[in-house]
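The primary structure of each chain is shown beneath.
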Amino acid sequence: GEDVEQSLFLSVREGDSSVINCTYTDSSSTYLYWYKQEPGAGLQLLTYIFSNMDMKQDQRLTVLLNKKDKHLSLRIADTQTGDSAIYFCAELIDKLIFGTGTRLQVFP
Amino acid sequence: GAGVSQTPSNKVTEKGKYVELRCDPISGHTALYWYRQSLGQGPEFLIYFQGTGAADDSGLPNDRFFAVRPEGSVSTLKIQRTERGDSAVYLCASSLNWGSEAFFGQGTRLTVV
């Protein structure tokens, strides 16, 4: 079945690293994505990883994929107040299936 | 246009009325997706078009919901006999083809009163 789970809330201090976790159930996913949604705004694609990779780094963002455990994480280094938003992971099977979203709050 | 455009940005309608929501995808994108996002939830898949045809409409909640894409570009999501539970943000996305990066519009916030 298709189910993508995320923790609801994460609070970090500015300058620290943030790690947002996601678990999914469908092993036939081809791509896994991280989207960012700011208040009143649309979804912005941050990064993605192909299912045969286990890590991808893109500037401050690091994506780790554990395919055996069906676990995906997004690490944001040197978190800034502008990173405050809701982060969604999504898996692509025949369509994009989104998680419930993690609200990241960054405090000074 | 430069991005995916959705109109209107906000729509308030009375229970029982018919509404149409429009999506203008990025020019040249063959794949188009509709999602619905309720407050505090992730986007929920409704329907996906490849060209003019609906490749997957398994997410449409019931027969009050229908979508078309007659010329393979603009798409319209149609909701008949609206109910208060239909209130949500309706998101449209397009991609060059299936599996490539999907670009989302700003959404249409539908409120049924």
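Whatever comes next refers back to the structure up there.
We now turn to the structure provided with this report. Just so you know, these numbers come straight off a predicted model, no measurement behind them. (Residues numbered from 1 in each chain as written. Chains lettered and ligands numbered in written order. Predicted model: local features only at pLDDT ≥ 70, side-chain atom pairs only at ≥ 80, totals over all residues. Heavy atoms only, no water.)

Digging into the state of the cysteines
Note the threshold: Disulfide: a pair of cysteine sulfur atoms within 2.5 Å of each other. Only DSSP runs of H or I covering at least 4 residues are called helices, and only runs of E covering at least 2 are called strands; the numbering of each starts at the N terminus. Think of it in three bands: with a 1.4 Å probe and only protein chains considered, a residue is buried below 20% of the maximum accessible area for its type, exposed above 50%, and partly exposed in between.
For the structure on display, the rule yields 2 disulfides over all chains. Put simply, cysteine 22 of chain A and cysteine 89 of chain A are joined by a disulfide, and their sulfur atoms are 1.9 Å apart. Between cysteine 22 of chain A and cysteine 89 of chain A, the S-S dihedral sits near 70°, and the bridge is therefore right-handed. Taken together, the residues cysteine 22 of chain A in strand E3 (residues 18-24) and cysteine 89 of chain A in strand E9 (residues 85-92) connect sequence positions 67 residues apart. Cysteine 89 of chain A carries the same exposure label as cysteine 22 of chain A, and that label is buried. Through a disulfide, cysteine 23 of chain B is tied to cysteine 92 of chain B; the S-S separation comes to 1.9 Å. Here the S-S torsion is close to -70°, and the disulfide linking cysteine 23 of chain B with cysteine 92 of chain B is therefore left-handed. A residue pair is termed long-range when its members are at least 10 positions apart, and cysteine 23 of chain B in strand E3 (residues 19-24) and cysteine 92 of chain B in strand E9 (residues 88-95) qualify at 69 residues. Of the two residues examined, cysteine 23 of chain B and cysteine 92 of chain B, each falls in the buried class.

Observations regarding the interface of chain B and chain A
Note: interface size is frequently given as the accessible area lost on complex formation between the parts. Keep this limit in mind: A contact between two residues is defined here by any heavy atoms of the two lying within 4.5 Å. Throughout, the accessible surface (probe 1.4 Å) given up by two parts as they are put together, summed over both, is called the buried area. A side-chain nitrogen of Lys or Arg and a carboxyl oxygen of Asp or Glu constitute a salt bridge if their distance falls within 4 Å. A 3.5 Å cut-off defines polar contacts: any pair of N or O atoms within that distance qualifies, except that in protein one atom must be a possible hydrogen donor and the other a possible acceptor, and neighbouring residues in sequence count only when both atoms are side-chain atoms.
With 18 residues of chain B at the interface, the matching set in chain A holds 19 residues. Taken together, the two surfaces of chain B and chain A that pack against each other cover about 1,400 Å², and 57% of this comes from carbon and sulfur. Counting the surface chain B buries against chain A, the share from its top three residues, Pro43, Trp98 and Phe104 of chain B, is 31%. Put simply, chain B and chain A have 1 salt bridge between them. Measuring nitrogen to oxygen at the nearest pair gives 3.2 Å for the salt bridge that ties lysine 95 of chain A to aspartate 56 of chain B. Scanning the region where chain B abuts chain A turns up 5 residue pairs in polar contact (both at pLDDT 80 or more). Within the residue set of the side of chain B that touches chain A, elements represented by two or more residues are strand E4 (31-37) and strand E5 (44-50) of chain B.

Points about the packing of aromatic side chains
Put simply, the rule is: Only rings of Phe, Tyr and Trp enter the pairing, Trp through its six-membered ring, and a pair is recorded when the two centres are within 6.5 Å. The plane angle decides the type: under 30 degrees is stacked, over 60 is edge-to-face, the rest tilted.
A complete count under the given rule lists 13 aromatic pairs over all chains for this structure. Look at tyrosine 31 of chain A and phenylalanine 50 of chain A: their rings are 5.0 Å apart centre to centre, the planes differ by 55°, and that puts the pair in the tilted class. Of the two residues, tyrosine 31 of chain A sits in strand E4 (residues 31-37) while phenylalanine 50 of chain A sits in strand E5 (residues 43-50), which places them 19 residues apart along the sequence. Between tyrosine 33 of chain B and tyrosine 48 of chain B the ring centres are 5.0 Å apart and the planes differ by 10°, which places this aromatic pair in the stacked class. With tyrosine 33 of chain B in strand E4 and tyrosine 48 of chain B in strand E5, the pair connects residues that are 15 residues apart, well separated along the chain. For tyrosine 33 of chain B, a relative accessible area of 4% translates into the label buried. Connected via pairs of aromatic rings, a cluster forms that spans Tyr31, Tyr33, Tyr35, Tyr48, Phe50, Phe88 and Phe98 of chain A together with Tyr35, Phe45 and Phe104 of chain B.

These figures come from the coordinates and say nothing about function on their own.
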